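# Analysis of the macromolecular model
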Amino acid sequence: MAPKRKAETEVAKRLKDATDTVTSEFMCAITRELPVDPVTAEDGQVYERSAIEAWIARAKADESPLKSPKLNTPMGPRLFPSTQARNIIEQMVRTGAISGPNADA
């Protein structure tokens, strides 16, 4: 393989690895999918709004302490819109940086 082609392949692999890492950071720990309506919970993690709302409602109905789905640590019930996460996910899907099953939603 020519040196230039090998270098381009290595750069492409590093970009793919970086994209995969970023994608995994935004994956909802409950649905295991990229959120369409991402929110940040009090544990600092990003979740799909409907999934974390159901998680919180289930804990309340069971009268059990609310724990983070991702960290298994105590957390409060407040949710905050995650506009930056939504914008990044949308842009990465639109440009094709995220494709396939991860982008289907």
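Placed above this text is the structure.
Residues numbered from 1 in each chain as written. Predicted model: local features only at pLDDT ≥ 70, side-chain atom pairs only at ≥ 80, totals over all residues. Heavy atoms only, no water.

## Things to note about the sheet that holds strand 3 (residues 79–81)
Within a sheet, adjacent strands bond to each other through the backbone by hydrogen bonds, running parallel or antiparallel. Using the following cut-off: Two strands qualify as a pair provided that DSSP identifies no fewer than 2 bridges between them. Under the DSSP-based scheme used, a helix requires at least four consecutive residues in state H or I and a strand at least two consecutive residues in state E, with every element numbered from the N terminus. All axes here are fitted lines through C-alpha atoms, helices being fitted over the stretch that makes contact, and every angle between N-to-C directions spans 0 to 180 degrees. In what follows, residue pairs with any heavy atoms lying within 4.5 Å of each other are defined as contacts.
Pairing is antiparallel in the open sheet, where 3 strands are placed in the order 2-1-3. Strand pairing shows two members of the sheet lacking a second neighbour, strand 2 (46–48) and strand 3, which therefore form its edges. Taken pair by pair, the neighbouring strands of this sheet meet at an average axis angle of 45 degrees, ignoring direction. Bridge count for strand 1 (residues 38–41) against strand 2 is 3 bridges, and the pairing is antiparallel. Looking at the pairing, T40 lines up with V46 of strand 2. Packed onto the sheet, helix 2 (residues 49–61) meets strand 1, strand 2 and strand 3 and runs at close to 90 degrees relative to strand 2.

## A word on the side chain of S68
Note the cut-off: Each residue is assigned to one of three classes by its accessible area relative to the maximum for its type, calculated with a 1.4 Å probe on protein chains only: buried under 20%, partly exposed between the two thresholds, exposed over 50%. A 3.5 Å cut-off defines polar contacts: any pair of N or O atoms within that distance qualifies, except that in protein one atom must be a possible hydrogen donor and the other a possible acceptor, and neighbouring residues in sequence count only when both atoms are side-chain atoms.
Note on placement: S68 falls in the loop between helix 2 and strand 3. For S68, a relative accessible area of 2% corresponds to the buried category. Here Y47 takes part through its side chain, which lies 3.4 Å from a polar atom of the side chain of S68. The contact partners of S68, leaving out residues within four places of it in the chain, are D43, Y47, W55, T73 and M75.

## A word on unusual backbone geometry
Its identity is not glycine, yet R32 carries a phi of approximately 60 degrees, on the positive side. Looking at the secondary structure, you find R32 in the loop between helix 1 (3–26) and strand 1. One non-glycine residue, N72, lies in the positive phi region at around 60 degrees. For N72, the location among the structural elements is in the loop between helix 2 and strand 3.

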